[in-house]
Amino acid sequence: MPIRILPDEVVARIAAGEVVERPASVVKELVENAIDAGASEIRVECLEGGKRLIRVTDNGSGIRSDEVALAFAHHATSKLRSADDLAEIRTLGFRGEALASIAAVAQVTCLTRHVEENLGTLVRLEQGHVVSESRVGRAPGTTMTVEHLFAAVPARLKFLKTTQTERGHIDALLTRYALAYPHIRFALLHEGKLVFQSSGNGNLRDVLVAVYGAEMAANMVPVEGEHDAMRVWGFAALPSLDHANRSKITLFVNGRPVQDAKLGYAVIQAYHTLLMTGRYPIAVIMVQLPPSEVDVNVHPAKAEVRFRDPDAVFSLVQRAVRKALLDHLQPTPIHLSTSSRIPQPPEERIESAEQRTAAPASPAQALPTAQQPPLRGSEAWEQVGIPKQTQRPPEPTHDALRLPGVRAEVNALPALRVLGQLAQTYILAEGPEGLYLIDQHAAHERILWERLLAQRELGAVESQALLDPVVVTLPMESAALLEENAPMLRDLGFEVEPFGNNTFLVRSVPAIMIQDDISAAVREIVADLESNEPVLRRELEARVLRRVCKRMAIKAGRVLSFAEMQALVRDLEACESPRTCPHGRPTMIHLGLTQLEKAFGRLG
Ligand code: ADP
Ligand code: MG
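This structure is a prediction, so every number in the text was calculated from the model and none was measured. (Residues numbered from 1 in each chain as written. Chains lettered and ligands numbered in written order. Predicted model: local features only at pLDDT ≥ 70, side-chain atom pairs only at ≥ 80, totals over all residues. Heavy atoms only, no water.)

Trainee: Hey, could you run me through the sheet that holds strand β1 (residues 41-47) in this one?
Mentor: Across a sheet, strands are paired by hydrogen bonds formed along the backbone, either parallel or antiparallel in direction. Ordered by their spatial adjacency, 8 strands build an open sheet running β5-β4-β3-β6-β2-β1-β7-β8, and the pairing between neighbours is mixed. Two strands bound the open sheet, and with one partner strand each, they are β5 (129-136) and β8 (193-197). Neighbour to neighbour, the strand axes of the sheet diverge by 15 degrees on average, direction disregarded. Looking at chain direction, strand β7 (residues 185-190) and β8 are connected through 4 bridges and run antiparallel. Note on β8: the bridge partner recorded for L188 is F196. Against the sheet, helix α2 (residues 23-36) makes contact with β1, β2 (53-58), β6 (141-147) and β7, and its axis sits at roughly 10 degrees relative to β2, the strand it touches most. Packed onto the sheet, helix α6 (residues 163-180) meets β1, β7 and β8 and runs at close to 170 degrees relative to β7. (Pairing = 2+ DSSP bridges. Helix = DSSP H or I, 4+ residues; strand = E, 2+ residues; numbered from the N terminus. Axes fitted to C-alpha atoms, helices over the stretch in contact; angles between N-to-C directions. Contact = heavy atoms within 4.5 Å.)

Dropping the structure here:
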């Protein structure tokens, strides 16, 4: 093909692709424009996760009627005059690209009135071109309506995720801006329903409550620090409130939400030794520094920034967060590594041996086990729920220990005789083929798992009503997730009722959980449901049940009576897949007699 200059429309679409990736990117650009316009109130309305409609209304300066059409032209901005200004950017926008890009990939209507004018302007654009313009009445401010995003760009449309996912992105984005701008009153509506609101009273603590709920906000401590012309402030959650990934570390640089791995790492570093590995902090951190110290012109979506002196920023953030945490934690020294292994008093045991043996045979036991058993529900589950290699017994650890030449029975356990407990963690048992070291927690997880699966296969997990419903308040994003999954949770024994304002009443729980800390359990379960990709319902159910098993299984470090150990081993023997826990880890290690003989030099 010969070289050609691309037509304007194609150029516009390419440029739009850099700025507008999904509905949340449109919300971001429109909200930033409203903030730049000096608004004290910003209202965002969405239909179908913003795919059908996004409307942002502000009470800012408005746009002069003779400039409205111009605002939608490429590289049209009122925020930058010359290249020199680029070094001193104090507004969120400066590229003059957002409105043009949005108009290139959606239908846009702009209703605006400048503060110094008496009448407003209504402009409608299609494919980037003004198709109608009229004068109308309106209070000063601007309303931008963006409809049918990507309807004319099938390639993009294909990449949009479910309404729920796109909603989640918008929720996360708007709550972030609310945190960064406590003086602005934000409201967010989905399908006409108010889902989030901040007061705009300037108090960051109040916004924290609106975003995370009162319970979580109460566990966040203020962060403050200063160095030269740099300032850091915000809130960091106490280590007891951790999260499964780094998505709850929210960072702003000069009022701009940024994704900066290094800054995020500074926050994580501040929690060093305070959090378990694999757990991440929750924090909202603002950094303010002279515009000349930071380059915001790195990425079209402006999500990345470049610091002139990154190490200085990093260390200020780390020190400020660390100090906030230590100041707060000082009075009670923490012994995280030991506390979880302190043996529980014996009277706190989960189930007595009698209860256990008196329990009716689980349906799993009643199922046929003849030579060619049909694929059972639970096996099918595990194919979804557990990584492939775990569908067979956990070979890596105990294959090495198993007798060479003896064919491994696929799953069944021989009858075992309990010998005793080791380190309050392992049950020692003897079988015809040697010694078995059984991990009491993993084994109990397996037993509970098969029991719950059997119940689920017959309908729903056995549920028990709580005497007093437990009230749980969640961060907004989690609340939406919980509400959406409530029907699924009902099949798993949880009856959860929305109570408004991101609060829920937990009325019933799986019967085995009746003694558990329900609020903590619900929070963990919601975190387990979080996912960036669509997940099969079965996998979601499996996640929840695995969590229930993990919470309810006896812990390592617990002293067990002989009867309890016997009951546990009997229950394990009755399992379909006794050799792995529901997470795919081994429940036991087998030390074969031949291997012992070898080790003792009895075999040639
Ligand atoms: P930028 O924000 O980078 O300047 P935009 O394309 O987002 O570019 O907006 C173009 C111009 O339109 C802005 O510079 C501003 O003058 C005007 N504008 C856009 N949205 C608003 C608004 N909500 N209130 C007042 N003016 C606005
Ligand atoms: Mg802008």
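Trainee: So what exactly am I meant to see when it comes to the packing of aromatic side chains here?
Mentor: Where two aromatic rings form a pair, the distance of their centres and the angle of their planes describe that pair. This model, assessed by the stated rule, comprises 2 aromatic pairs. Centroid distance Y177 to Y181: 6.4 Å. Interplanar angle 15 degrees. Geometry classified as stacked. This pair shows no difference in class: Y177 is buried, exactly as Y181 is. Measuring from ring centre to ring centre gives 6.4 Å for Y265 and F314, while their planes differ by 40 degrees; the resulting arrangement is tilted. Here the residue Y265 occupies a position in helix α9 (residues 261-270), and F314 occupies one in helix α10 (residues 310-329), the gap between them amounting to 49 residues. Looking at K262, its charged tip hangs above the ring of F314, at a distance of 5.3 Å from the centre. (Phe/Tyr/Trp six-rings, centres within 6.5 Å; stacked < 30°, edge-to-face > 60°. Buried < 20%, exposed > 50% of the residue type's maximum accessible area, 1.4 Å probe, protein only. Lys NZ or Arg CZ within 6 Å of the ring centre and 35° of its normal.)

Trainee: Is there a simple way to think about the side chain of R22 in this case?
Mentor: Within the secondary structure, R22 is located in the loop between α1 (8-19) and α2. In this view, R22 contacts L149, F150, L160, K161, E166 and H169; residues no more than four positions away in its chain are not counted.

Trainee: Is there a simple way to explain the pattern of salt bridges in this structure?
Mentor: A pair can form between side chains of opposite charge whenever their charged atoms are brought close. Taken as a whole and judged by the stated rule, the model has 29 salt bridges. Put simply, K79 and D36 hold a salt bridge, and the shortest N to O gap is 2.9 Å. You can see K79 sitting in the loop between α3 (68-71) and α4 (98-105) and its partner D36 sitting in helix α2, a full 43 residues away along the chain. Exposure remark for D36: the relative accessible area of 23% places this residue in the partly exposed category. We note a salt bridge from R456 to E541, for which the minimum N-O separation is 2.7 Å. Placement of R456 in helix α16 (residues 440-457) and of E541 in helix α19 (residues 537-552) is noted, with a sequence separation of 85 residues between them. Like E541, R456 is buried. A single salt-bridge network, built from bridges that share partners, covers D516, E524, D528, R547 and R551. (Salt bridge = Lys/Arg side-chain N within 4 Å of Asp/Glu carboxyl O.)

Trainee: What is the right way to read the nonpolar core from this model?
Mentor: As a rule of thumb, soluble globular proteins bury nonpolar side chains together. Grouped together as the largest cluster of nonpolar side chains are 64 residues, with contacts concentrated most on V31, I42, F72 and F186. Lining this core are residues from two domains, each supplying at least three of them: domain 1 (8-200) and domain 2 (219-328). Of all hydrophobic cores here, the second largest spans 38 residues; its members include L275, A283, F307 and V321. (Core = buried A, V, L, I, M, F, W, Y, C linked by side-chain atoms within 4.5 Å. Domains from an automatic or database assignment.)

Trainee: Honestly, the packing of α2 against α6 in this entry has me stumped. Any pointers?
Mentor: Each pair of packed helices can be described by the angle between their axes along with the distance between the axes. At their nearest, the axes of α2 and α6 sit 8 Å apart, and the two run at 25 degrees to each other. Our classification of the angle between α2 and α6 gives roughly parallel. Here α2 and α6 pass one another in a crossing that is right-handed. Of the residues in α6, those in contact with P23, A24, V27, K28, V31, E32 and I35 of α2 are E166, H169, I170, L173, L174 and Y177. (Parallel < 35°, antiparallel > 145°, perpendicular 65-115°, else oblique. Left-handed = near helix turned anticlockwise from the far one by under 90°.)

Trainee: When you look at the packing of α6 against helix α17 (residues 476-491) in this model, what are you seeing that I'm missing?
Mentor: As a packed pair, α6 and α17 sit with axes 9 Å apart at the nearest point and diverge in direction by 155 degrees. Put simply, α6 runs roughly antiparallel to α17. In this structure, α6 crosses over α17, and the sense of that crossing is right-handed. Side by side, α6 and α17 meet where Q164, D171, A172 and T175 of the first sit next to M476, E477, A480, L481 and E484 of the second.

Trainee: Mind showing me how you'd approach a nonpolar patch on the surface here?
Mentor: Taken together, the side chains of L6, V10, V11 and I14 make up a nonpolar region of the molecular surface, amounting to roughly 320 Å² of accessible area. You can see V11 is positioned in helix α1. Under the relative-accessibility criterion, V11 is labelled partly exposed at 41%. (Patch = residues over 30% accessible without salt bridge, like charges linked within 9 Å, V, L, I, M, F, W, Y side chains within 5 Å. Areas by Shrake-Rupley, 256 points an atom, 1.4 Å probe, with all protein chains shown as cover.)

Trainee: Looking at this structure, how should I read the environment of R543?
Mentor: Among the structural elements, R543 can be located in helix α19. A sequence separation of 40 residues divides R543 from H583, and the C-alpha atoms of the two residues are 9.5 Å apart. Leaving out residues up to four positions away in the same chain, R543 has contacts with D528, L529, E530, S531 and V535.

Trainee: Would you mind going over the site of ligand 1 with me for this structure?
Mentor: By nearness alone, 19 residues border ligand 1, and N33, T77, S78, K79 and G96 come closest of all. One nitrogen or oxygen atom from the main chain of L99 is found 2.9 Å from an oxygen atom belonging to ligand 1. One of the side-chain N or O atoms of T142 is found 3.4 Å from a nitrogen atom in ligand 1. When the free accessible area of ligand 1 is taken as 530 Å², the share hidden by the protein chains comes to 92%. A breakdown of the residues in the shell around ligand 1 according to their chemical character gives 7 nonpolar, 8 polar and 4 charged. (Near = heavy atom within 4 Å. Polar contact = N/O pair within 3.5 Å; in protein donor to acceptor, adjacent residues only side chain to side chain. Nonpolar A, V, L, I, M, F, W, Y, C, P; charged D, E, K, R; others polar.)

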